[in-house]
Amino acid sequence: MRLATWNVNSIRTRVDRVTDWLERADVDVLAMQETKCTDAQFPSMPFAALGYEVAHVGVSQWNGVAIASRVGLADIEIGFAGQPTWSSKPDVEATAEARALGATCGGMRVWSLYVPNGRSLADPHYAYKLDWLAALRDTAAGWLGDDAGAPIALVGDWNIAPTDEDVWSTEAYLGHTHVSEPERAAFHAINNAGFTDVVRPFTPGPGVYTYWDYTQLAFQKRRGMRIDFILGSPALAARVRHAEIGKDERRGKGASDHAPVLIDLDDQPGDTTQ
DNA sequence: ATGCCAGGATGATCCTGA
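Residues numbered from 1 in each chain as written. Chains lettered and ligands numbered in written order. Predicted model: local features only at pLDDT ≥ 70, side-chain atom pairs only at ≥ 80, totals over all residues. Heavy atoms only, no water.

Chain A is annotated in an unreviewed UniProt entry as Exodeoxyribonuclease III of Mycolicibacterium murale.

Written as structure tokens, this is what we have:
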């Protein structure tokens, strides 16, 4: 079983690139973030043609998360319990944004997550980001409380570089979001709730990233950040036998600014599929 | 402090991203 996550930065702009890679990389389940479209606008036909069902939540040109699966797609949940709300303007009612989507695929529970950016340390969006992560931690801890042996993957764009090794320059990010101690603490709290980074053991740093800014030849200069993660519950983490970052997908014209991240899982005991 | 690049919506310019 191959599970991947990718911030695609507009699925409408990038659907050919994404489906080409899905086929080439032989991915079973792909969680996507920043689809930047409504449900009606999501291009599901190219996925269906390759045998993938797609669940998507998107209500505007912002955010949007999806899960494409060719091993089943059941019990779809939009948003997680307690997910904080956000309003873009004072006169607009705050709502839960399209940043979290859960589904059961091939016996595992997958959550496609697009953690709020934070914008700047003084911005209300930063407090929203920390609230969002704290609520996710509480809810996800509850899932393991209900069933400690559940195979759960929390995957996506976390918008946090958990250690100094995960940014090309600590100086360049001083005073900025993604590297602040509260954000790192919020990320580690999710680790401590039982969800560990299952990719890092197979992709050791330093200098290993999943995101490179579009500007100033950041990719060519190897100026990136590691902010996209696959976090696994203990039962899922025990089955990971390989992981990689699809850095080649960041190359060339028309690339997303994020690379896909994938893992290979051993079959569950007693699993007769494949 | 700002633009650097990119996508989207609207209609040459703003908002957002990280």
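Peer 1: Please set out the protein's contact with DNA strand B residue by residue, giving values where relevant.
Peer 2: As a matter of local geometry, DNA strand B sits amid 24 residues, with Ser10, Thr13, Tyr114, Arg119 and His178 nearest to it. Note that a phosphate oxygen of DNA strand B is positioned 3.2 Å from one of the side-chain N or O atoms of Asn159. At 3.4 Å, a side-chain N or O of Asp213 approaches a base nitrogen of DNA strand B. The dominant element in the surface near DNA strand B, judged by the number of residues it contributes, is helix α1 (residues 11-25), at 3 residues. Across the surface near DNA strand B, the residue classes tally to 6 nonpolar, 11 polar and 7 charged. (Near = heavy atom within 4 Å. Polar contact = N/O pair within 3.5 Å; in protein donor to acceptor, adjacent residues only side chain to side chain. Helix = DSSP H or I, 4+ residues; strand = E, 2+ residues; numbered from the N terminus. Nonpolar A, V, L, I, M, F, W, Y, C, P; charged D, E, K, R; others polar.)

Peer 1: Report on the packing of aromatic side chains, specifying residues and quantitative values.
Peer 2: Counted according to the given criterion, the structure contains 8 aromatic pairs. Taking 4.9 Å as the distance between ring centres and 25° as the angle between the ring planes, the aromatic pair formed by Trp86 and Tyr128 counts as stacked. Taken as a pair, Trp86 in the loop between β5 (74-78) and β6 (100-105) and Tyr128 in helix α3 (residues 124-146) lie far apart in primary sequence, 42 residues in all. The exposure class assigned to Tyr128 is buried, which follows from its relative accessible area of 5%. Between Phe187 and Phe229, the aromatic rings sit 5.0 Å apart at their centres with planes inclined by 50°, giving tilted as the arrangement. Of the two residues, Phe187 is situated in helix α4 (residues 181-192) and Phe229 in strand β12 (residues 228-232); the sequence distance between them amounts to 42 residues. (Phe/Tyr/Trp six-rings, centres within 6.5 Å; stacked < 30°, edge-to-face > 60°. Buried < 20%, exposed > 50% of the residue type's maximum accessible area, 1.4 Å probe, protein only.)

Peer 1: I'd love a proper account of the sheet that holds β12, names of residues and values included.
Peer 2: Pairing is mixed across the open sheet formed by 6 strands, whose spatial order is β5-β6-β7-β8-β12-β9. Of all the strands in the sheet, the pair left with one neighbour each is β5 and β9 (196-197). Pairing analysis gives 6 bridges linking β6 to strand β7 (residues 108-114), with the strands arranged antiparallel. Bridge pairing in β7 places Ala103 opposite Val110. (Pairing = 2+ DSSP bridges.)

Peer 1: Go over the nonpolar core with me, naming the residues and quoting the values.
Peer 2: In this structure, Leu3, Val29, Ile67, Met108 and Ile263 are the most contacted members of the largest nonpolar core, which totals 33 residues. Of all the secondary structure elements, the ones that give two or more residues to this core are β2 (29-33), β3 (53-57), β4 (65-69), β6, β7, β8 (152-157), β13 (240-245) and β14 (261-265). If near-sequence neighbours (up to four positions away) are discounted, Ile263 is found in contact with Met1, Arg2, Leu3, Val198, Val199, Ile230, Leu236, Val240, His242 and Ala243. In this structure, Phe80, Trp132, Leu144 and Ile190 belong to the second largest nonpolar core, which totals 26 residues. (Core = buried A, V, L, I, M, F, W, Y, C linked by side-chain atoms within 4.5 Å. Contact = heavy atoms within 4.5 Å.)

Peer 1: Please give an account of the sheet that holds β13 that cites residues and values.
Peer 2: Spatial strand order, β3-β4-β2-β1-β14-β13: 6 strands in an open sheet with mixed pairing. Across the chains shown, the open sheet's two edge strands, defined by having one partner strand only, are β3 and β13. Across the sheet, the mean angle separating the axes of adjacent strands is 15° when strand polarity is ignored. As paired strands, β2 and β4 are joined by 5 bridges and run antiparallel to one another. Its bridge partner being in β4, Leu30 is matched across the sheet by Ala68. (Axes fitted to C-alpha atoms, helices over the stretch in contact; angles between N-to-C directions.)

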